[in-house]
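# Reading the structure
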Amino acid sequence: MGNTNNITDELKKYLEFKEENKGKKIGVAMSGGVDSSTVAYILKQQGYDIFGVTMKTFKDEDSDAKKVCDDLGIEHYVLDVRDEFREKVMDYFVNEYMNGRTPNPCMVCNRHIKFGKLLDFIIEKGADFMATGHYTRLKKGFLSVGDDANKDQVYFLSQIKKEKLSKIMFPVGDLEKPKLRELAKFLGVRVYSKKDSQEICFVDDGKLKEFLIEKTQGEAEKVGNIVDKTGKILGKHKGFSFYTIGQRKGLGISTEEPLYVLEFDKKTNSIIVGSNEDLQKDELIATNLNLFLVNSIENLDGLECFAKTRSRDILHKCVLTKIGDKFKVKFIENKVRAVTPGQGIVFYNAEGIVIAGGFIEK
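A short tour of the structure in this document, coming up. Within each chain, residue numbers correspond to sequence positions counted from 1 in written order. Reporting in this predicted model follows two pLDDT cut-offs: at least 70 for local features of residues, and 80 or more for side-chain atom pairs to be given and counted; totals over whole chains, interfaces and linings ignore these cut-offs and use all residues. As a rule here, side-chain values cover all heavy atoms of the structure and leave hydrogens and water aside.

This next bit is on the sheet that holds strand β11 (residues 270-274). At least two bridges found by DSSP between two strands are what make those strands a pair. In this text, helices come from DSSP runs of H or I with a minimum length of four residues, and strands from runs of E with a minimum of two, each type numbered from the N-terminal end. Taken together, the 4 strands give an open sheet; going across it, the order is β9-β8-β11-β10, and neighbouring strands pair in mixed fashion. Each of the sheet's edge strands pairs with one partner strand only, and the pair in question is β9 (233-237) and β10 (260-265). Between one strand axis and the next, the sheet turns through 30° on average, direction left out of account. When β10 meets β11, the two strands line up antiparallel, connected through 5 bridges. Counterpart to Val261 in the pairing with β11 is Val273. Angular values range over 0 to 180 degrees, each being the angle between N-to-C directions of two axes fitted as lines to C-alpha atoms, with helices fitted over their stretch in contact.

Dropping the structure here:
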């Protein structure tokens, strides 16, 4: 580590040793990437008693996590969650696609695996907290957006069980990624320049089609019709799992006006297309809500708040109306483009604190 005069005051605060941290035990969830590795470095610098844990999910764990722990002289554990990961995440992922929905595996993994099995393991090892490298914050004890608008990972954390939050730390939640890399380089973290992980950890980039074909024994390749809203056949698709809501290119149809994927009909194995205007929605149905700021779904009925339908979405002002155990979400200032069933929808208050998180049904 270099001289602290070489870094800004903004970053120096992460390196301050505090006597009260001594004796507090923290398990760091370590993937081998720059975010979690830097968290381990700064927590040790701050005086905490730390150890690292890496999950074995679908392949051998990243060896960089063990190397970073060796660099720091801390214990490193490997937690085998392959069976749970396959059942809760990978099987869900395939089934959602085959049912004409677009899954969000990170949300499901965070609930059941990372902040489920892994957190429980870390607490069993005697830790007071689990720390991760997520770019999010806890405000008033609840999930809140971080400062890096390009890394709003709170969206993906919105299915964590509320009672787990008291055992979680997000030490770099108020940093932006370039600043974190700067801090990592200063600290001598061996992976400071390592590329970010791919979007879906268990699917090689650009290989989703091959993955689904393999996992469904070819069923994902079932050819069907591309139709307009009246049912007129315009062409053929090569398996609706390979298309996304809002897609225009690669449909293999020729029309005077540009057409976009609007929805999938599993019963008829059809893709329905329409205009860009048809993609603009002023309402949707949300289901499986996970609550944070309220104790009952009844408290959400009639609530005016803000919603995101994807992680890099803007905040849309909306009002919620309870329909059984689901909610109609009515957007009251602007429409939302390409609402995608299966994806997450997260509700925030004006301070950026998560009220609840759920999934888009339609």
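Left-over empty space is what a probe sized like a water molecule reveals as it rolls over the atoms. A 1.4 Å probe that fits into a set of points on a 1 Å grid over the protein atoms alone but cannot get out defines a cavity; an open set with protein on both sides within 12 Å along at least five of seven lines defines a pocket, and lining residues are those with an atom within 4 Å of a point. Grid points are joined across faces, edges and corners, and a volume is the space filled by probe spheres set on the points. Under the criterion given, the structure shown has 1 cavity of 30 Å³ or more. By volume, the largest cavity amounts to about 30 Å³. Lining the largest cavity, in full, are Tyr97, Gly100, Arg101, Thr102, Phe240, Ser241, Tyr243 and Phe264. Looking at side-chain class alone, the lining of the largest cavity contains 4 nonpolar, 3 polar and 1 charged residues. Note that Gly is not counted as nonpolar here; it falls among the polar residues with everything else outside the nonpolar set of Ala, Val, Leu, Ile, Met, Phe, Trp, Tyr, Cys and Pro and the charged set of Asp, Glu, Lys and Arg.

Exposure categories follow from relative accessible area, calculated using a 1.4 Å probe and restricted to protein chains: below 20% of the type maximum is buried, above 50% is exposed, and the middle band is partly exposed. By the criterion of burial, strand β19 (residues 354-360) is predominantly enclosed, with 7 of the 7 residues buried. Where strand β13 (residues 283-291) and β19 come together, 4 bridges link them in antiparallel fashion. Following the sheet pairing, Ala286 is matched in β19 by Ile360. Examined bridge by bridge, strand β18 (residues 344-348) and β19 share 5 bridges and lie antiparallel to one another. Residue pairing in the sheet places Gly344 in a bridge with Phe359 of β19. Turn length for the β18-β19 hairpin, with the two strands adjacent in sequence and antiparallel, is 5 residues, and the turn residue Gly352 shows positive phi of about 85°.

To continue, consider unusual backbone geometry. Look at Lys140: it is not a glycine, yet its phi comes out positive at around 55°. Mapped onto the secondary structure, Lys140 falls in the loop between β5 (136-139) and β6 (142-145). Take Lys140: its relative accessible area is 63%, and that puts it in the exposed class. Positive phi is not limited to glycine here, since Asn288 has a value of about 55°. Following the sequence through the fold, Asn288 ends up in strand β13.

Quick look at helix α3 (residues 63-72) now. Think of an α-helix as 3.6 residues a turn; residues three or four steps apart then line up on the same face. Restricting attention to buried positions, one finds in α3 the residues Asp64, Ala65, Val68, Cys69 and Leu72. The arc that holds the buried residues of α3, viewed along the axis, is 140°, so those residues lie on one side. Check the buried side of α3 and you find it contacts α2 (34-45), β2 (49-56) and β3 (76-80). Within two residues after α3, Gly73 carries a phi angle of roughly 70°, on the positive side. Directions drawn from the helix axis to the C-beta atoms are what define this arc. Here, two residues are considered to be in contact whenever any of their heavy atoms come within 4.5 Å of each other.

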